[in-house]
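Topology and contacts: notes
Residues per chain are reported as follows:
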Amino acid sequence: MSLIELMQLLAQSNIKLSLDENNSIDIVAPEGAVTPDILRHLKESKTELIQFLKRKKKTPVPAISVITRDKPLPLSYAQKRLWVLDQIEPGQSQYNIPASLVLEGKLDVDALEGALNDVVDRHESLRTTFMSDEDGEPYQVIHEATALQVQQADFSHLSEEAQEAVIREQVSEEGLQGFDLTADLMLRGRLLKLRDDKHVVLVTMHHIASDGWSMSLLIKEFSALYRARVEGTPNPLAPLSVQYGDYAHWQREWLSGDVLARQLNYWETQLSDLPVLHGLPLDHGRPHEQTFNGAVHRSELDASVTSALMAYCQSHEATLFMGLHAVFAGLLSRYSNESDIVVGSPIANREQAEIAELIGFFVNTLVLRSDLSGSPGFETLLLQSKEVLLSAYEYQQVPFEQVVERLQPERSLSHSPLFQVMLILQNAGSGELDLPGLSLRPLESAEVMSKYDLTLTVVERDGGLVLEWEYNRDLFEARSIGRMAEHFGVLLSAALASPRTPVESLALLTGAEREQVLHQWNATERALPSQVSLAALFEAQVASTPTADALVFEGASLSYAALNARANQLARYLVSGCGVTAGACVGVCLPRSFEMVTALLAIVKAGCAYVPLAPDYPQGRLDYMVSNAGLKTVITTSDLAGLFSGHDGQSVCLDDAGVQDTLATHSPENLSLVVAPDALAYVLYTSGSTGQPKGVMVEHLAIVNRILWMHRQYRADNTDRILQKTPYTFDVSVWEFFWPISVGATLVIARPEGHKDPAYLARLIQDTGVTKMHFVPSMLQVMLSGNYLKDCETIRQVFCSGEALGVEQVRAFRQLYPQVALHNLYGPTEAAVDVSYWDCSQYQGEEKSIPIGAPIDNIQLYVLNNALSPVPVKGVGELYIGGVGLARGYINQEELTRR
């Protein structure tokens, strides 16, 4: 039972409550008035009652009195907001409050129409229209007796199937029909005859004159008045002491000056720096203008869970709503991975007894803010919710419209201000119709108006709780809301079982989901060769296709055998002539060329790790990298050697005649050295955008796994020519270098700086017959905008990574090059290039973003929250990577690696 219902019950029983000096509740009542049921309700609502009585004692609210109607009456604050919206777009249907019932039995149509007219006569709000004065200020115009004509239509001649279709049309038409606030009654009705003993009645009120509580009153009063007319008895309803116009005048008079300022100051403090939008993951992009196309998903909590939640809340002197709010805030936090959670909640706002029976727009909206920083448990969150709600109740009188006006939030046509998610506990009842000679049932409407992104309405029924998840279907898919509803139950059960465990660590997924996201989607195990390295892959291919072209550069070519011989000679020189030992890091500072590829191969053949050094890097960055990696040897050219003159160690200048002569004296045969799978293959430095650059150490097993996966997934052979254009300081270059020469393809090397010139790249692709290549999405956009690849007919596959690939880019690519496969790859520098993949042929045209896809072989991917708990499907978290593709760590930065 809600607090308002309880106060009404107490008033009817002549029971008066007050607070003593110790803030305990004193009860004054006639003998026998306090029944066991009333005692139970008093106990359940003790916390709210004490706060209510404190508020009345602290800030007495003056009574509402009847005022004369000899001058225009103002609108309430809430009414004025709807009036302003109607001025902008007259006749909006989203503020309709509809009810639809199927009546079976003997219906007295005259009594039905008469009872509805009795309700209209009883409540001025239903016969009020709205005008504005010469200054544009709106005022109420209350009309005297105004007959309500119920529209009637006879469909009894139609088949049942045809009747169902007509009913749907009529319900939709009624729901979409707006009100003329300057002329219409704020209540209208339709009666649809299906048979002599079966009718459908549609009743609609405008929100400017009613609210959810008012609909319950309408149903209750209509029931009593219909019965009285059918049975010929007097009107059973007691006269109303005040009308809505009196309330609107009272609100404007009382809620002003210091009273209004005090309430607004509370909300301004409570809601400062409020998030503009919730962080819930959406299935569809948010439209530029808010839509209201809704749907409803229903779920249930059984009596045992409900009973446990109520008992736990009572043990902490909290209400059921406070418990539901705490769980809901926890759920939203787990989905969004955010700690500042904001929801709205309606409040009846009928504290004064004189307005409890009035049909009118009284409902107010409270903005409830939860702080989940610091990893609170459910117990802490419940106590926080209790405090937030009790404070909000104390300042509930200030209209939501005034709060919005004071806060001046960032406004957008795409979403509601301050909050977009609502929580409702519906315990006021919907009113019961008890009509003589009739049985009735509600008619479910296929049309649902969703004023917010998501509204969770909880209804107490048969000892359990029914959860109605109303959502905007332009934002969410039904299956996503279904999962969320299931997760609410899982989280609630976990919270009750372990209320002090941080909410972020509590179970959220079902057992099946947990198995899926942790194991089934990560079942990527595939056997790898026991002795494997980049050198071994290349040398096996040399043995298979020694005379085939391994490299093409600037019109020249180099066979597999020739490339292998050069690399072997340089490797032997590094070992014997330069004193390089296995496991050492060797720097490479060369322009893109045959010599660059030779140097990379020579270093890994010697059992060392290569460290790319870009000639155009600032001197300070180069100095740091050389020092941090402990480089004693750098392979470079004579004109670049000066970059390293300030360091101990040696520069091997490949263009030096003496070096060339010495290289020629070394054997071109493969070295006998066996490189272990866990040996370092290369060290790549991050950009340093977040601080000092970090050298990422990648082992042979990791990159070999990546290359073998790529070959299985995308296949390349001696008919393929693969473009190498990525600067070798970026990890994409690793597979560009080593995948082609590990599978017998030809590596086409772009000239230095050529990767920046789209026209040159297009000519190179066309002239050399490139079949596979990589583009970062920003470069792909350039190629698409100029349609540079239109004549490159040999292209079969394009890979994208390094940046987020956009939906529009995929659309444009598929339109321009339908015969070319586009693949989206993802991986951080801290892994062996890529850890996930997605085939863009799966794009259906409705995705709001392009996925990074599934894990590659022997890689595991997990999306976890701050407590390392798995997030639900489409939940927000951080990506964690496991498996053989993970880098060893940051070179010479053990503490950073451990973090």
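Further up the page is the structure itself.
Residues numbered from 1 in each chain as written. Predicted model: local features only at pLDDT ≥ 70, side-chain atom pairs only at ≥ 80, totals over all residues. Heavy atoms only, no water.

1. Here's the deal with the side chain of T633
- Along the chain, T633 falls in strand 21 (residues 633-636).
- Reaching out from T633, the side chain makes a polar contact with the side chain of Q650 at a distance of 3.1 Å.
- Residues contacting T633, with those up to four places away along its chain left out, are L574, V580, V586, G587, Q650 and V652. (Helix = DSSP H or I, 4+ residues; strand = E, 2+ residues; numbered from the N terminus. Polar contact = N/O pair within 3.5 Å; in protein donor to acceptor, adjacent residues only side chain to side chain. Contact = heavy atoms within 4.5 Å.)

2. A few points about helix 23 (residues 758-768)
- Regarding helix 23, the residues found buried are P758, Y760, L761, A762, L764, I765 and T768.
- In this structure, the buried residues of helix 23 make contact with strand 25 (721-724), strand 26 (746-749), strand 27 (772-775) and helix 24 (777-785).
- Looking one or two places after helix 23, you find G769, whose phi comes out positive at around 70°. (Buried < 20%, exposed > 50% of the residue type's maximum accessible area, 1.4 Å probe, protein only.)

3. A look at empty space enclosed by the protein
- One pass over the full model with this rule turns up 9 cavities of 30 Å³ or more.
- There is about 120 Å³ of room inside the second largest cavity.
- Along its surface, the second largest cavity is lined by 16 residues, and H278, G279, D340, I341 and V342 are the ones closest to its centre.
- Mapped by element, the contributors of at least two residues to the lining of the second largest cavity are helix 11 (320-336) and strand 10 (340-347).
- For the lining of the second largest cavity, a count of residues per class yields 10 nonpolar, 4 polar and 2 charged. (1 Å grid on protein atoms, 1.4 Å probe; cavity = no way out; pocket = protein on both sides within 12 Å on 5 of 7 lines; lining within 4 Å. Points joined across faces, edges and corners; volume = space filled by probe spheres on them. Nonpolar A, V, L, I, M, F, W, Y, C, P; charged D, E, K, R; others polar.)

4. Describing helix 21 (residues 700-714)
- The first and last C-alpha atoms of helix 21 sit 21 Å apart over 15 residues, in line with the 21 Å expected at 1.5 Å per residue.
- In terms of burial, helix 21 is largely enclosed, as 12 of its 15 residues are buried.
- Taken residue by residue, helix 21 has H700, A702, I703, V704, N705, R706, I707, L708, W709, M710, H711 and Y714 as its buried positions. (Expected span 1.5 Å × (residues − 1).)

5. Some details on the nonpolar core
- Within the largest apolar cluster, 129 residues are counted, with the highest numbers of intra-cluster contacts made by L112, F328, W469 and F488.
- The element that contributes the greatest number of residues to this core is helix 11, accounting for 11 residues.
- In this structure, I635, V743, I749 and A832 belong to the second largest nonpolar core, which totals 98 residues. (Core = buried A, V, L, I, M, F, W, Y, C linked by side-chain atoms within 4.5 Å.)

6. Some thoughts on the pairing of strand 15 (residues 454-461)
- Burial runs high along strand 15: 6 of the 8 residues are buried.
- Across 6 bridges, strand 12 (residues 421-426) lies against strand 15 in parallel orientation. Bridge pairing links L425 to V458 in strand 15.
- Sheet topology note: the strand 15/strand 16 (residues 464-472) ladder contains 8 bridges and is antiparallel. Within strand 16, the position partnered with T455 by the bridge is E470.
- What sits between the antiparallel neighbours strand 15 and strand 16 is a turn of 2 residues, in which D462 has the positive phi angle 55°. (Pairing = 2+ DSSP bridges.)

7. A few points about the pairing of strand 27
- Going residue by residue along strand 27, you find K772 and H774 tucked away on one face and M773 and F775 tucked away on the opposite face as well.
- The sheet contact formed by strand 27 and strand 28 (residues 797-800) spans 4 bridges and is parallel. The residue bridging M773 from the neighbouring strand is V798, located in strand 28.
- A crossover connection joins strand 27 to the parallel strand 28 through helix 24; in handedness this β-α-β unit is right-handed. (Right-handed = clockwise from strand over helix to strand, strands pointing away.)

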